[in-house]
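Chain and residue survey
Each chain is listed here by its residues.
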Amino acid sequence: MGARQRHRGESFQSSQGKSNDNNVTLTLDDTDEDKQSTSHNDHRKKKKSVDKIPASFTLISVTVLITLTLLFVRYMDLRLPEALMESDIPSKPESFIEERARRDLHQLTKVGVRVSGSIATDLITVQQFEEILAKIQENVSSGWSIEKSVQRPTGSFWIEDDDGQTSSYSKIANVIAKLEPSDPAFRTNNGILLNCHFDTKPGCPGATDNMISCVVMLEVLRVLSSKPLLVNQIRNPIIFLFNGAEEFGLQGAHGFIRGKEEDPTDERWGHPWAQNLSVFINLEGAGGGGREILFQAAGGTKKQTGWLLQAYKQSPHPYGSVIGEEAFTSGLVPSDTDFRVFRDYKSLPGLDIAYIKNGWVYHTKWDVLSEIPSGSVQHMGDNSLEMAKYLSTLDFNGLEDSAEQVVFFDVLGVFLITYSKTVGIVINVLISLGTIGVIIFVGGWTLKSFLTYATYLGSTLLAWGVGAGVAALVAVMLNGSGYPKPFYSYPSLALILFGLPAVIGETLTYAICLKGSPKDTWLAGKLSVAVLLLGVTFFTRGAYVFLPPLIFGVIPWVSLRYLMRGWPKTIMIFYILLGELIPLILSSYLIFTLTDVFVPILGRAGSEMNGNLFFGVALSAIICIISAPGLISLFVNYDKKVLTILLLISVLLLNPMIVFGFLGKIPYQEKTPMRITINDVQRIWYSDNGTISKSENGYWFWPLDADTDNLFPELAKTVEEIGSAYDEILDYENCPDLYCKQPFLWPTTNRVKKVHWIPKSYPLPQEITDWARMHVVYQNGSSELGQRHFTLEFSGPQHATIVLSPKRGWDANITIQAMGENLPVEKAGKIQWKGRKVYFIYHGRGNVVEPFRMDVNLVRTSGDEEDEHVLDVQQSALFFDVTENTTTTEFFDFMGRFPSWIFPGMSWTAVMKMYTIK
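Residues numbered from 1 in each chain as written. Predicted model: local features only at pLDDT ≥ 70, side-chain atom pairs only at ≥ 80, totals over all residues. Heavy atoms only, no water.

Another aspect to go through is the packing of helix α13 (residues 421-443) against helix α14 (residues 447-480). Where α13 meets α14, the closest approach of the two axes is 10 Å, and the angle between their N-to-C directions is 135°. Considering their axes alone, α13 and α14 lie oblique with respect to each other. Here the hand of the crossing between α13 and α14 comes out right-handed. Only Ser449, Phe450 and Tyr453 of α14 make contact with α13, whose side of the interface consists of Ile439, Ile440 and Gly443. Residue classes in the contact of α13 with α14 are distributed as four nonpolar, two polar and no charged. (Axes fitted to C-alpha atoms, helices over the stretch in contact; angles between N-to-C directions. Helix = DSSP H or I, 4+ residues; strand = E, 2+ residues; numbered from the N terminus. Parallel < 35°, antiparallel > 145°, perpendicular 65-115°, else oblique. Left-handed = near helix turned anticlockwise from the far one by under 90°. Contact = heavy atoms within 4.5 Å. Nonpolar A, V, L, I, M, F, W, Y, C, P; charged D, E, K, R; others polar.)

Written out as C-alpha cells, the structure is:
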C-alpha cells in the first residue's frame, strides 16, 4: 500500500515543469500504467510529440464552445410560449388565452398613471374592474359561484425596512372576487389567495408593474369559471385580490387582511373573505414582460414549503431559484412586495412571482403594453392557471408543520428541482468529500502529496483573488475616468469589460503558481471548489451552484484515466470540453438571470451603490469560480509573456476602445434611461408661536442612481439651473434639522447619504403650501409632572409623511386614532437625531378628503431642562397626483428640458413644514 501511494504521489507531480511552448499538452490521463506501457525511450518521445495539440486548435474549440453555449442559453432564457388567440378556444377550451387578457390590459391601462388615492385609481379603474367581473359573472358555468366586492379599509402597521416605519392608510380601494362551488357541500374553508396591485408610481403607466398580473388573474377566473364543476369534485375557494395601494407602503394587502371596514360597528379585522385563507400567490412585476421568476417561497405556520413548491412544479414554464430568494431577503434588491404582508401579518405560506426582464422600464413611462413581448402574458397565465387548479383541490388538513427550508432551482426553464435543506447539505457534503477523496486517492497520501494539495488551494485562492482584483481594477479605472456603468444599456459587454480580464488574470496566476501544468490547474480548480462547497453549504441554500463543476467534471476525468488510456488527444480534448459543457451552460444561465435582475437595479439602488465595482466583482467571481476553471486548464501552458500581454491589452487597450469608442460617456438611452426623482419643494420652519421663521425653495434631487451628479455637467447643457446645484450630505444623527430637512417618502438612511439641491427664488403658490398644515387640537399634562399628551391633526393631499422626535429624556407612545394601534416604540430609534428617538410615519388615503389624526403621549424618563420644547415634528405633504392644481408651469418646463436618456417623470411637488411643540 505504501509503495503504491508513493508512486501515485510521484505521478501526481510529473506534469509540473513542462515547457511553455504555446501547445496544449494534456496530462489528465498520466498514470503509472501509462508510463509502464511505454518501455522504449524513442516510442515515448514519439508519443509525446503526437500528444501535443496546436494552441490555435484549443483556442478555436473553446471559443466555439463558449459562443454556442451563450447563444443556446440566451435562446432558452428568452423563450416564451406561443400566445393563444380566441380562435384557439374551440380546440383548447380549458387553456389560458393571452389575446383576451391583453384586451383587458389595454382597457385597464389606457387611463394612464394610477397613483393610489387618485380619481384614475380609486374611481375609474375600480369601476372598470367591476364591469369586467360582471361580464365574467354573466358567463359562469353551472356549479360555480362568483361574488365581487369593493373594499375601502383603514388601518396601520409597522414595516421593518431600513430604520422602520409605520404605514398608515384610510379608505384606500381594493376590488375582490371569490370563486367557489355554489353548493356548500362541495367547498372547504381553505381559501386560496391570488394577489396583484393596480396602482402605480407617479409618471408610470404600470403595464407590467403590475396590471399585467391583474389581467392574468382575471383570465384565470374566466377560464376556471367557464368549465362546469364536477359533482364529486370538492374545491377550495379562490380569492382574487386586486389591491389599489401597494406602491407606497403595501397598504392594499394589509387592508384586505387587517384593515377596518367603513362600518364603525363592525368589530372584525380585515375583509370577511380573508378570514379562512390557507395559502397565497403574489404576482408582481419589475420589468417589461418576458418570463416571470419565482423568487420567494416561504412563510406561514406551515414553514415547510415542499408542498408549496410542488404546486409550482405543476407550472408548464418553471423559472426560479433559491438564490433569488436569498438575494431579496438580504436587501440586495431595493424593493418590497405584498408577500411581506401576507407572511408577517397573516402567517400564510406563499409564493412571490414577478416579471424581471427588461427591468429598465420599471417605474418609467416605458412600462406600457407595447413593450410586453408576445407570450409573456401566456407564460404567467399558464403557470398561474395550473397552480390555481392544483391548490384548489389540495387537502390542507393533511399537510404537516415543519421548519425545514427547501432548495429550489429550475434547469433552463424546462423543469424545477426541489429538495429539503437537509438533503441539500447531505448532497453537498457527499459530493465535496467524494471529490476530495477521489483526488487524494489518485494523488496519494504522502506528505509531498498533501503539500501539493495545499499548493493547489493556495494557488486557486490567489487566482480567484487576482481575477476579482483585475475586475475591481477595471471598475476603479472606469470610475476614475468618469464612465459609470458603461455596460448599463448593453449588459453582455460586461463579459468583455470585466469577465475577460478576470479570466486572463486567473489563467496567468495559475500558469505562474503551477508552472503551466494543465493537469495541476484542473485538479486545483476542482479541489478548491469542493472545499468551498463544503465551507458554504451550512450557510446558504445557494451552494448548489458549485455542484455541476464537480459532478460533471470529475466523472469525465475518472473516465479519461481508466477508460480512455492511449486515445488520441484530439478526441480526449472534446471529452474534457463535454465534461465542462453542462457546468458552463448552468453557470451562464445563472449569469443571465443575475444580469437581468441587477443591471437595471444599479440605476435605482440609491446614492451608495458603486455599480462598476459591485457588478464587475460579482460577475468575475461567478466566472472565475464556477464557469472558467475547467477551461482555463487548457491555456495555462501558454507562454507567460503572451498571457501578460493579453491581460494588459484587455485592460489597457480593448476596454478603453469599447468604452470610449463604442459606449461613450453616457451609458443611458431612451429606453434604458437614468431615473431622476425631482421634487419641487418648499421647506418652511415655524416658531413656537406659529409664525414662519424661515423658508427655502428649490428643486430637490433624490438620487435613485448613484451617478446622478457625475452627469450634471452634461445635463447643464440643456437644464442650466443644474449648474447651481450643490450636494447635501446626510448625517442623519447630527443634522441641525430633524431628518436633515428631507421630505423622503420612506426611511432611506442606509441607501441615500447624499442628495442634491437647486435653490430657486420663487416659492410655491400659496394655495399649495396652505394645503399642508398641522393643528394641535388637544393637549394636556405638564413637563413638571413628566407627562404630556397631544392630539395632532394633519391636513393635506392624499400622501404625507410625518416624522416625530421627542425631546431627549422623553419616550413617546403614538397612536393612529383611526385604528387604535400603537406605533411599536420598541422598534423605533434605530436611527437617532441628537440622541433622540425618531418615528417615521407614512399616511396615504383614498379619494376622500379628510384630516389625519394621531395621539402622542410623552413620558419623561430622565431629567432635562423644562423650558425647552418637548417635540419636533416634520410634515411633508407629497402631491403625487400631478395636475395643474398641484404643480407649477415652471416645474413642468424644468422637467421638459431634460434629454431623452433621462426619465424625470417620477417627480412631484412637496411641501415640508417643521414644527416645535413646547
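Okay, the state of the cysteines next. This model, assessed by the stated rule, comprises two disulfides. Through a disulfide, Cys196 is tied to Cys214; the S-S separation comes to 2.1 Å. Looking along the S-S bond of the Cys196-Cys214 disulfide, the torsion reads about 105°, which is the right-handed sense. Residue Cys196 is found in strand β7 (residues 191-197), and its partner Cys214 is found in helix α7 (residues 207-225); the two are separated by 18 residues along the sequence. An identical accessibility class is assigned to Cys196 and Cys214; each is buried. Across the disulfide from Cys735 sits Cys740; the S-S distance is 1.9 Å. In this structure, the disulfide formed by Cys735 and Cys740 twists by about 75° around the S-S bond and is classed as right-handed. Judged by its relative accessible area of 8%, Cys735 falls in the buried class. Each bonded cysteine of the chain gets a number by its place in the sequence, and the pairs then read 1-2, 3-4. (Disulfide = S-S within 2.5 Å. Buried < 20%, exposed > 50% of the residue type's maximum accessible area, 1.4 Å probe, protein only.)

Another aspect to go through is helix α12 (residues 376-392). In this model α12 runs 24 Å from its N-terminal to its C-terminal C-alpha over 17 residues, within 8% of the 24 Å that 1.5 Å per residue would give. Counting buried residues along α12, 14 of its 17 residues qualify, which places the element largely inside the surrounding structure. (Expected span 1.5 Å × (residues − 1).)

Membership of the largest hydrophobic core comes to 170 residues, with the highest contact counts inside it found for Phe240, Phe242, Phe701, Phe894 and Phe898. When residues of this core are assigned to their parent elements, the largest contribution, twelve residues, is made by α7. Here Phe894 is in contact with Ile678, Tyr699, Phe701, Val719, Glu721 and Ile758, once residues within four sequence places are set aside. By size, the runner-up hydrophobic cluster in this structure holds 32 residues, among which are Trp685, Tyr739, Leu745 and Val803. (Core = buried A, V, L, I, M, F, W, Y, C linked by side-chain atoms within 4.5 Å.)

By the element assignment, Gln128 lies in helix α6 (residues 119-138). Only 3.4 Å separates the side chain of Gln128 from the backbone oxygen of Gln107, close enough to count as a polar contact. (Polar contact = N/O pair within 3.5 Å; in protein donor to acceptor, adjacent residues only side chain to side chain.)

Right, let's get into the pattern of salt bridges. Counting across every chain of the model gives 37 salt bridges. The partner of Asp104 in a salt bridge is Arg222, with the nearest N and O atoms 3.1 Å apart. Placement of Asp104 in helix α5 (residues 98-109) and of Arg222 in helix α7 is noted, with a sequence separation of 118 residues between them. In this structure, Arg836 and Asp872 form a salt bridge, with 2.7 Å as the shortest nitrogen-oxygen distance. Here Asp872 lies in strand β28 (residues 871-879) and Arg836 lies in strand β25 (residues 836-837), a separation of 36 residues in the sequence. By relative accessible area, which is 8% here, Asp872 ends up buried. (Salt bridge = Lys/Arg side-chain N within 4 Å of Asp/Glu carboxyl O.)

Right, let's get into the sheet that holds strand β15 (residues 677-686). Ordered in space as β4-β5-β26-β21-β28-β30-β15-β16-β18-β17, the ten strands form an open sheet in which the pairing is mixed. Taken across any chain shown, the strands that pair with only one partner, and hence form the sheet edges, are β4 (155-159) and β17 (726-729). Here the average twist between neighbouring strands, direction ignored, is 25°. Against the sheet, helix α8 (residues 251-258) makes contact with β4, β5 (165-170) and β26 (839-845), and its axis sits at roughly 70° relative to β5, the strand it touches most. (Pairing = 2+ DSSP bridges.)

Time to look at the confidence of the model for the chain. On average, the chain scores 87 in pLDDT, and the residues at 70 or more come to 87%. Across residues 1-22, confidence stays below pLDDT 50; counting only partners more than four residues off in sequence or on other chains, it has 58 contacts. Contacts of residues 24-51 to residues separated by more than four positions or lying in other chains number 54 contacts, the stretch itself having pLDDT below 50. (pLDDT = per-residue confidence, 0-100.)

Its location among the elements puts Glu94 in the loop between α4 (55-78) and α5. Sequence separation between Glu94 and Arg222 is 128 residues, and the spatial gap between their C-alpha atoms is 9.9 Å. Ignoring any residue separated from it by four or fewer positions in sequence, one finds Glu94 in contact with Val223, Lys227, Leu385 and Lys389.

This brings us to a nonpolar patch on the surface. A cluster of nonpolar side chains, contributed by Val642, Ile645, Leu646, Ile649, Leu653 and Met657, occupies part of the molecular surface with about 510 Å² of accessible area. Among the structural elements, Val642 can be located in helix α21 (residues 640-663). Residue classification places Val642 among the partly exposed positions, given a relative accessible area of 31%. (Patch = residues over 30% accessible without salt bridge, like charges linked within 9 Å, V, L, I, M, F, W, Y side chains within 5 Å. Areas by Shrake-Rupley, 256 points an atom, 1.4 Å probe, with all protein chains shown as cover.)

Helix length check: α13, at 23 residues, gives a terminal C-alpha distance of 33 Å against a target of 33 Å (1.5 Å per residue), a fit within 8%. Listed in full, the buried residues belonging to α13 are Gly424, Asn428, Val429, Ser432, Thr435, Ile436, Ile439, Ile440, Val442 and Gly443. Two residues or fewer after α13 comes Gly444, characterised by a positive phi angle close to 105°.

When glycine is set aside, most residues are seen to have a negative phi, and most peptide bonds are trans. Residue Asn210 is reached from Asp209 by a cis peptide bond, and omega for that bond is 10°. Among the secondary structure elements, Asn210 is positioned in helix α7. One non-glycine residue, Lys171, adopts positive backbone phi at about 55°. For Lys171, the position within the fold is in the loop between β5 and β6 (174-181). Taking relative accessible area as the criterion, Lys171 reaches 24% and is therefore assigned partly exposed. A positive phi angle, close to 55°, is found at Leu412, a residue other than glycine.

Bringing the packing of aromatic side chains into the picture now. Tallied over the entire structure, the rule returns 40 aromatic pairs. For the ring pair Phe129 and Phe198, a centre distance of 5.2 Å and an interplane angle of 50° mean the geometry is tilted. Taken together, the residues span a long stretch of sequence, with Phe129 in helix α6 and Phe198 in the loop between β7 and α7 at a distance of 69 residues. A residue is classified by how much of its surface remains accessible, and Phe198, at 0% relative accessible area, is buried. Their ring planes at 75° and their centres at 5.2 Å tell us that Trp702 and Phe744 sit as a pair that is edge-to-face. (Phe/Tyr/Trp six-rings, centres within 6.5 Å; stacked < 30°, edge-to-face > 60°.)

This brings us to the pairing of strand β10 (residues 292-298). Counting buried positions over the seven residues of β10 gives six, a clear majority of the element. Here six bridges tie β10 to strand β11 (residues 350-355), and the two strands are oriented antiparallel to one another. Considered in β11, the bridge of Ala298 is made with Gly350.

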